[in-house]
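Given next are the chains, with one letter for each unit.
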Amino acid sequence: MNISVHAEADLTAVTHNDLANAVRFLAVDAIETSQSGHPGLPMGMADVATVLFSRFLKFDSAHPNWPDRDRFVLSAGHGSMLLYALLHLTGGDVSLDDIKAFRQWGSKTPGHPEYGHTPGVETTTGPLGQGIATAVGMALAERMANARHGDGLVDHFTYVIAGDGCLMEGISQEAISLAGHLGLGRLIVLFDDNGISIDGPTSLATSDDQLARFAASGWSVRRVDGHDPEAVAQAIAEERETAKPSLIACRTIIGYGAPDRQGTEKAHGAPLGTEQTAAARRTLGWDYQPFVVPIPVLKAWRMIGQRGQVDRLAWLDRYEDATPEQRDLFVEGKAVTLPAAYALAAAKLRERFADERPKLATRQASQQVLDAIAGTIPGLVGGSADLTHSNLTHAKAQAPVKSGAFAGDYIHYGIREHGMAAAMNGLALHGGFIPYGGTFLAFSDYSRPAIRLAALMRLRVIHVMTHDSIGLGEDGPTHQPVEHLAALRVIPDLLVFRPADAVETLEAWDCALAAEHRPSVLCLSRQALPTFRSDVRGRNRVANGAYLVVSPDGGRDVTLIATGSEVSIAMEAARLLATEHIRAAVVSAPCFALFAEQSEDYRASVLGTAPRVGIEAAVAGDWHRWIGAGGEFVGMRGFGASAPAAVLYREFGITPQSIAEAARRAIARKSQ
């Protein structure tokens, strides 16, 4: 129904209930048509969402991406039809045909909201708790951008609708603790406090006092009747004035209006059915056919969608009145391009690495990269999960971000790996920042769900993960990652780098920063590694994913392929084999994903036709793709142990001698 907002219609009779019921029944009808979906949340939270969108949310439906809009995050992503109904009703780029095609191939209305797929969706949600944690990053980004550009260009709120499930997930505690600590007063969470989860009453599994929990983390909290629009409006208005992040627990009835389903788990995740849908229409006085919204109600919603034009145009005036320097900084901050100063700084450092050829851990090389480039990229924002001095993620030029002091560019996330990763997604989604954050590679398991969402959303987020192998030594198998490289490499659209020396570390950073639409993981060593690259002005070879480091004269008898700290061991093995007149090529393969994207001819030139040996201090994972059926793998077959690094490499058989023996076996096998 494409109705012009100028159509003749009497709006005086349009009530809050009319507006909210339009949301409810678009959701109910779409789910009924699809025979799939979650009607409970849209029906229960329609009143709250209607108050938010009609009275408070600063947005312009015709320009869903204007920089100073309020952000709205549906953390309880299973209730996606609530958001799609609101986007359609307010005149966004979600048509009635899209609503009718809910959860169907090719529509803009997938089962859970997807960033980049549906205009107006601020972040991908569905995995519970991710939305509220991502919103913390958005709210933090707003304060940081405000500190840089002032109220005239940055002055907005972040709103979240979260459910019981979001608050049960552990990531929520990490997120609310961080938000409270930082005093993110422009973050308002509207809690769908209906007391129902999939299995039944939430009392089956939890008895937390959520208001006390949030208050203990420094939040302003209150409870309201979620079906009383004036009470909801008063709560939002008052919480907008607080200096703390806010939780408004909205007591609602799941499936509100469906007489035999409301208030029970039956309303959560299944269509109401023909009889209950009809009964809900009678109960709520919605006497219209499926997908029909009366013209006065639709016009009222469309006017709500246009209300933000005034704010947007006023913002554009302020932007035009800013000085050229302010405008340039703002545009550069939003786009986060890599300026010429960055390229010059990187080139200078590359020259020094190539000239000095230092022997140092790649985490130390990474710190030197950050020291060189941090001041050249205005939007680069670092951080660590309480491992700053182990990850070496803090550049000399960076200042900490603190409550009330948001002009800094280094965030102390605390021991909150999952929350850190989600907040980094929020920083990237907000715009204006390239976030990176550090932890140990073994703890990537804590971050993984948010890393996966970053890949799904194609965000430029950089994870610095140090202590990348058994080479960390004495801390033992709990901290020694053996399966993590393989686990991360299988995530689509994620770039996993394991550089082998200082030059490769610089090049890996360059690739990660240049990847505007992909997240990256930099896997860095604790132990010192020799620098074998000395090409001062050569092109970025890590960008090829893999390349020849040693190419013997007269062809090759075997190809040794290694990553990270094992490249130097492979080079020693090649020298050992040369004493036996076995010609061994050595390939450094810092990024499998980028290598897979090269041309077939290039990959063939690197891999050659000789037998191959893969070397990595990790489990084999997908190594056989590169070494082939007849290849050998020298690596880990189980967990590590507590001992000095050199002892571990010897005991687990990752040595030049072991590699040479594997090469002999591969050659013998091929000759048979």
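For the structure, see preceding data.
In this report, the structure presented in the accompanying data block is examined. No experiment lies behind these values; they were computed from the predicted model shown.

What counts, and at which threshold
Residues numbered from 1 in each chain as written. Predicted model: local features only at pLDDT ≥ 70, side-chain atom pairs only at ≥ 80, totals over all residues. Heavy atoms only, no water. Helix = DSSP H or I, 4+ residues; strand = E, 2+ residues; numbered from the N terminus. Rg over C-alpha atoms; globule rule 2.2 N^0.38 Å. Buried < 20%, exposed > 50% of the residue type's maximum accessible area, 1.4 Å probe, protein only. Contact = heavy atoms within 4.5 Å. Areas by Shrake-Rupley, 256 points an atom, 1.4 Å probe, with all protein chains shown as cover. Lys, Arg positive; Asp, Glu negative; His and termini not counted. Charge placed at Lys NZ, Arg CZ, Asp CG, Glu CD. Expected span 1.5 Å × (residues − 1). Pairing = 2+ DSSP bridges. Axes fitted to C-alpha atoms, helices over the stretch in contact; angles between N-to-C directions. Salt bridge = Lys/Arg side-chain N within 4 Å of Asp/Glu carboxyl O. 1 Å grid on protein atoms, 1.4 Å probe; cavity = no way out; pocket = protein on both sides within 12 Å on 5 of 7 lines; lining within 4 Å. Points joined across faces, edges and corners; volume = space filled by probe spheres on them. Nonpolar A, V, L, I, M, F, W, Y, C, P; charged D, E, K, R; others polar. Parallel < 35°, antiparallel > 145°, perpendicular 65-115°, else oblique. Left-handed = near helix turned anticlockwise from the far one by under 90°. Phe/Tyr/Trp six-rings, centres within 6.5 Å; stacked < 30°, edge-to-face > 60°. Lys NZ or Arg CZ within 6 Å of the ring centre and 35° of its normal.

### Points about the overall build of the protein chain
Point 1. The helix and strand tally for the protein chain stands at 26 helices and 18 strands.
Point 2. In summary, the protein chain has a C-alpha radius of gyration of 28 Å against a globular reference of 26 Å for 672 residues, a match within 12%.
Point 3. Counting all 672 residues of the protein chain, 60% fall into the buried class.
Point 4. In the protein chain, once contacts between residues fewer than 6 apart in sequence are set aside, the share between residues at least 24 apart is 79%.
Point 5. With an accessible surface of roughly 25100 Å², the protein chain has 51% of that area assigned to carbon and sulfur atoms.
Point 6. Side chains of the protein chain carry 61 positive and 74 negative charges; the gap between the two charge centres is 5 Å.

### Regarding helix α11 (residues 295–306)
Because each turn of an α-helix spans 3.6 residues, side chains separated by three or four positions in sequence point in the same direction.
Point 1. Between its terminal C-alpha atoms α11 stretches 16 Å, which fits the 16 Å expected from 12 residues at 1.5 Å a residue.
Point 2. Where α11 is concerned, the buried positions are Val 297, Leu 298, Lys 299, Ala 300, Trp 301, Arg 302, Ile 304 and Gly 305.
Point 3. Buried residues belonging to α11 abut α1 (16–34), α2 (40–56) and α3 (80–89).

### Details of the sheet that holds strand β2 (residues 158–163)
Point 1. In space, the five strands of this open sheet follow the order β1-β2-β3-β7-β6, with parallel pairing throughout. Edge positions in the open sheet fall to β1 (71–74) and β6 (220–225), since each of these has one partner strand only. Each neighbouring strand pair of the sheet contributes to a mean axis angle of 20°, computed without reference to strand direction.
Point 2. Bridge analysis of β2 against strand β3 (residues 187–193) gives six bridges, and the strand direction is parallel. Looking across to β3, one finds that Gly 163 is bridged to Asp 192.
Point 3. Against the sheet, α2 touches β1, β2, β3 and β7 (246–251), its axis set at about 155° to β3.

### Points about the pairing of strand β8 (residues 380–384)
Point 1. Most of β8 sits out of view: five of its five residues are buried.
Point 2. Burial along β8 is two-sided: Leu 380, Gly 382 and Ser 384 and Val 381 and Gly 383, pointing in opposite directions, are all buried.
Point 3. Pairing of β8 with strand β10 (residues 434–440), which is carried by three bridges, proceeds in the parallel orientation. Note that in β10 the partner of Ser 384 across the bridge is Gly 438.
Point 4. Direction of pairing for β8 relative to strand β9 (residues 410–412): parallel, over a ladder of three bridges. The residue bridging Gly 383 from the neighbouring strand is Ile 411, located in β9.

### Structural notes on the pattern of salt bridges
Point 1. Summed over the entire model, instances satisfying the criterion amount to 29 salt bridges.
Point 2. Among the ionic pairs, Asp 68 bridges to Lys 58, the shortest N-O distance being 3.1 Å. Taken as a pair, Asp 68 in the loop between α2 and β1 and Lys 58 in the loop between α2 and β1 lie far apart in primary sequence, 10 residues in all. Of the two residues, Asp 68 and Lys 58, both sit in the buried class.
Point 3. With a closest N to O distance of 2.8 Å, Glu 597 and Arg 518 form a salt bridge. With Glu 597 in the loop between α22 (592–596) and α23 (600–607) and Arg 518 in the loop between α20 (502–514) and β13 (520–523), this residue pair connects regions lying 79 residues apart in the sequence.
Point 4. With a relative accessible area of 47%, Glu 597 lands in the partly exposed category.

### Section: helix α7 (residues 170–182)
Point 1. Taking 1.5 Å per residue, 13 residues should reach 18 Å; α7 reaches 19 Å between its end C-alpha atoms and fits that length.
Point 2. Those residues of α7 that sit buried are Ile 171, Ser 172, Ala 175, Ile 176, Leu 178, Ala 179, Gly 180 and Leu 182.
Point 3. Positive backbone phi, approximately 65°, marks Gly 183, located one or two places after α7.

### Here we look at the layout of surface pockets
Point 1. Approximately 670 Å³ is the volume attributed to the largest pocket.
Point 2. Together, 30 residues line the largest pocket, and Tyr 115, Ala 428, Leu 429, Gly 431 and Leu 459 are the ones closest to its centre.
Point 3. Those elements that provide at least two residues to the lining of the largest pocket are α13 (324–335), α17 (417–430) and α18 (444–457).
Point 4. For the lining of the largest pocket, the element with the highest residue contribution is α17, accounting for three residues.
Point 5. Here the lining of the largest pocket is built from residues that sort into 14 nonpolar, nine polar and seven charged.

### Describing empty space enclosed by the protein
Point 1. As enumerated under the stated definition, the model contains two cavities of 30 Å³ or more in all.
Point 2. Within this model, the largest cavity holds a volume of roughly 220 Å³.
Point 3. Grouping the constituent residues of the lining of the largest cavity by class yields nine nonpolar, five polar and five charged.
Point 4. Estimated volume of the second largest cavity: approximately 30 Å³.
Point 5. Forming the walls of the second largest cavity are Phe 72, Val 73, Leu 74, Leu 83, Pro 113, Val 121, Glu 122, Thr 123 and Thr 125.
Point 6. Of the residues belonging to the lining of the second largest cavity, the class tally is six nonpolar, two polar and one charged.

### Let's talk about the environment of Tyr 115
Point 1. Within the element layout of this structure, Tyr 115 appears in the loop between α4 (96–100) and α5 (130–149).
Point 2. Since its relative accessible area comes to 32%, Tyr 115 is described here as partly exposed.

### Structural notes on the packing of α2 against helix α9 (residues 229–239)
For any two helices packed against each other, the geometry is given by the interaxial angle and the distance between the axes.
Point 1. Between α2 and α9, the least distance of the axes is 9 Å, while the angle of their chain directions is 55°. Here α2 is positioned oblique relative to α9, judged by the angle of their axes. Every pair of crossing elements has a handedness; the one defined by α2 and α9 is right-handed. Residue-level inspection shows Val 48, Val 51, Leu 52, Arg 55 and Phe 56 of α2 in contact with α9, the latter providing Pro 229, Glu 230, Val 232, Ala 233, Ile 236 and Ala 237.
Point 2. Considering only residue class, the contact of α2 with α9 consists of nine nonpolar, no polar and two charged.

### What about the packing of aromatic side chains?
Point 1. Inspection of every chain in the model, using the stated rule, returns 19 aromatic pairs.
Point 2. Judged by centre distance (6.3 Å) and plane angle (70°), the ring pair of Phe 595 and Tyr 602 falls under edge-to-face.
Point 3. Here Phe 595 falls in the buried class, since its relative accessible area comes to 3%.
Point 4. An aromatic cluster is built from Phe 592, Phe 595, Tyr 602, Trp 623, Trp 626 and Phe 633, whose rings are joined through pairwise contacts.
Point 5. The lysine or arginine in question, Arg 186, covers the ring of Phe 157, its NZ or CZ lying 4.8 Å from the ring centre.
Point 6. Lying across the ring of Phe 157, Arg 240 places its NZ or CZ 4.3 Å from the centre.

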